[in-house]
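Structural overview
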Amino acid sequence: MVEEIVEVSVSFQELVLEKNKNPEEEEKEEEERAEDLVKEMRKILGGYEFKDKILLLQAFTHHSYKEDCSSYERLEFIGDSVLGIMITRELYFMHQDLNPGQLTKLRAANVDNEKLARVAVKYNLHKFLRHNKPLLAAKIEEFSNDMKEYPLHSFGLIDAPKVLGDIVESLIGAIYIDSNSSVDKTWEILKTLLVPIVTPSSLKMHPVTRLYELCQKNGFKVEIRDYWKKTGEFEFFVDDEFVGRGKYTNKKSIACNRAAHDAFCNLIQKIDKTSSS
């Protein structure tokens, strides 16, 4: 069950107060926040205690928090690379029967933004994020609700706020730096957080790719019609016959994926009906 979402945002008044603080007060406040964050992360990270508390605070600071703040972007950069190495190594030894192409697809599903956003929501990491993005709470709530329909991964059918994946990568980067650049220690801490890992049996093909492969196999001609700018929709036609529609006004790729998924499901039903008659 996803717990209630608590969000750290900063009002205009708070920003004014921040500006009026002297450097000593700001430093003391940062230390107190960092100390509290270390205690919370200790519970989530299996007892791991950050040596560099300010580094951890930086991992949860969005660039919108306040002017000239130390944001998580550099930690996100290194965390992305470290995560790629860790997952690649894990999958290489876990699935020795898979070829490089299969491993690449499996790795992608385990490190993409939706997968990491799920980790953030599962452990409520977003409640520690310092930011000034008023619309973020609604986006996270929408994603949290959509997750219930796809417990493992939607493979392109729901919209995961990028900031959720970012803070998981920045946390990974912070742990890696704090543990003296130890990949083994970082993986020991994080492998529990990344459960469930997407496996070959649970890996699904991208909706558009899956539809095109089905049509190619059966000699069908596919046509996609893009109405996204006007209505937020895509439509798919197979052999000049309408087979599916998808709508999502916030992101074009999600609308297209949903249309392809709808078309695939309808086409499968049609093929099955034709085969049984």
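Overview of the structure. (Residues numbered from 1 in each chain as written. Predicted model: local features only at pLDDT ≥ 70, side-chain atom pairs only at ≥ 80, totals over all residues. Heavy atoms only, no water.)

This brings us to the packing of aromatic side chains. With the rule as written, the count across this model stands at four aromatic pairs. When the centroid spacing of 5.3 Å and the interplanar angle of 85° are considered together, the rings of Tyr48 and Phe50 count as edge-to-face. The two residues Tyr48 and Phe50 agree in class, both being buried. With 5.0 Å between their ring centres and 85° between their planes, Tyr92 and Phe93 make a pair best called edge-to-face. Summarising the burial analysis for this pair, Tyr92 and Phe93 share the class exposed. One cation-aromatic arrangement involves Arg210 over Phe264; the distance from NZ or CZ to the ring centre is 4.0 Å. In this structure, Arg225 packs its charged tip against the face of Phe237, placed 3.7 Å from the ring centre. (Phe/Tyr/Trp six-rings, centres within 6.5 Å; stacked < 30°, edge-to-face > 60°. Buried < 20%, exposed > 50% of the residue type's maximum accessible area, 1.4 Å probe, protein only. Lys NZ or Arg CZ within 6 Å of the ring centre and 35° of its normal.)

What follows is about a negative patch on the surface. Taken together, the side chains of Glu24, Glu25, Glu27, Glu31, Glu32, Glu35 and Asp36 make up a negatively charged region of the molecular surface. A relative accessible area of 43% means that Glu25 is categorised as partly exposed. (Patch = residues over 30% accessible without salt bridge, like charges linked within 9 Å, V, L, I, M, F, W, Y side chains within 5 Å. Areas by Shrake-Rupley, 256 points an atom, 1.4 Å probe, with all protein chains shown as cover. Salt bridge = Lys/Arg side-chain N within 4 Å of Asp/Glu carboxyl O. Lys, Arg positive; Asp, Glu negative; His and termini not counted. Charge placed at Lys NZ, Arg CZ, Asp CG, Glu CD.)

Next up on the list: the sheet that holds strand 5 (residues 241–247). Pairing between the strands of a sheet is mediated by backbone hydrogen bonds and can be parallel or antiparallel. Within the open sheet, the three strands sit side by side as 3-4-5. Their pairing is antiparallel. What marks the edges here is a single partner per strand, and that holds for strand 3 (222–227) and strand 5. In this sheet, neighbouring strand axes are inclined to one another by 20° on average, regardless of whether the strands run parallel or antiparallel. Inspection of the sheet shows strand 3 paired to strand 4 (residues 233–238) by six bridges, in the antiparallel sense. Across the sheet, Ile224 pairs through a bridge with Phe236, a residue of strand 4. Of the strands in this sheet, strand 3, strand 4 and strand 5 touch helix 12 (residues 252–276), which is tilted by about 140° from strand 5. (Pairing = 2+ DSSP bridges. Helix = DSSP H or I, 4+ residues; strand = E, 2+ residues; numbered from the N terminus. Axes fitted to C-alpha atoms, helices over the stretch in contact; angles between N-to-C directions. Contact = heavy atoms within 4.5 Å.)

Across the interface, helix 4 (residues 73–94) lies against helix 9 (residues 183–190) with an axial gap of 10 Å and an inter-helix angle of 80°. The angle between the axes of helix 4 and helix 9 places the two elements in the roughly perpendicular class. Contacts between helix 4 and helix 9 pair Val82, Met86, Ile87, Arg89 and Glu90 from the former with Val183, Asp184, Thr186, Trp187 and Leu190 from the latter. When the residues that make up the contact of helix 4 with helix 9 are grouped by side-chain class, the tally is six nonpolar, one polar and three charged. (Parallel < 35°, antiparallel > 145°, perpendicular 65-115°, else oblique. Nonpolar A, V, L, I, M, F, W, Y, C, P; charged D, E, K, R; others polar.)

Evaluated as defined, the whole model comprises 17 salt bridges. Here Lys51 makes a salt bridge to Asp178, at a shortest N to O gap of 3.8 Å. Linking Lys51 in the loop between helix 2 (23–44) and helix 3 (53–59) with Asp178 in helix 8 (residues 162–178), this pair joins segments that are 127 residues apart in sequence. With a relative accessible area of 4%, Asp178 lands in the buried category. A salt bridge links Lys162 to Glu76; the shortest N-O distance between them is 3.5 Å. Of the two residues, Lys162 sits in helix 8 while Glu76 sits in helix 4, which places them 86 residues apart along the sequence.

Relative to strand 5, strand 4 is paired through six bridges, and the arrangement is antiparallel. Looking at strand 5, one finds that Phe237 is bridged to Phe242. A loop of two residues connects strand 4 with strand 5, the two strands running antiparallel in sequence, and Asp239 in this loop sits at a positive phi of about 50°.

Attention shifts here to the packing of helix 10 (residues 207–218) against helix 12. The contact between helix 10 and helix 12 brings their axes to 8 Å, and the two run at 35°. Like other packed secondary-structure pairs, helix 10 and helix 12 cross with a definite hand, here left-handed. On helix 12, the residues that touch Pro207, Val208, Arg210, Leu211, Leu214, Cys215 and Asn218 of helix 10 are Cys256, Asn257, Ala260, His261, Ala263, Phe264, Leu267, Ile268 and Ile271. (Left-handed = near helix turned anticlockwise from the far one by under 90°.)

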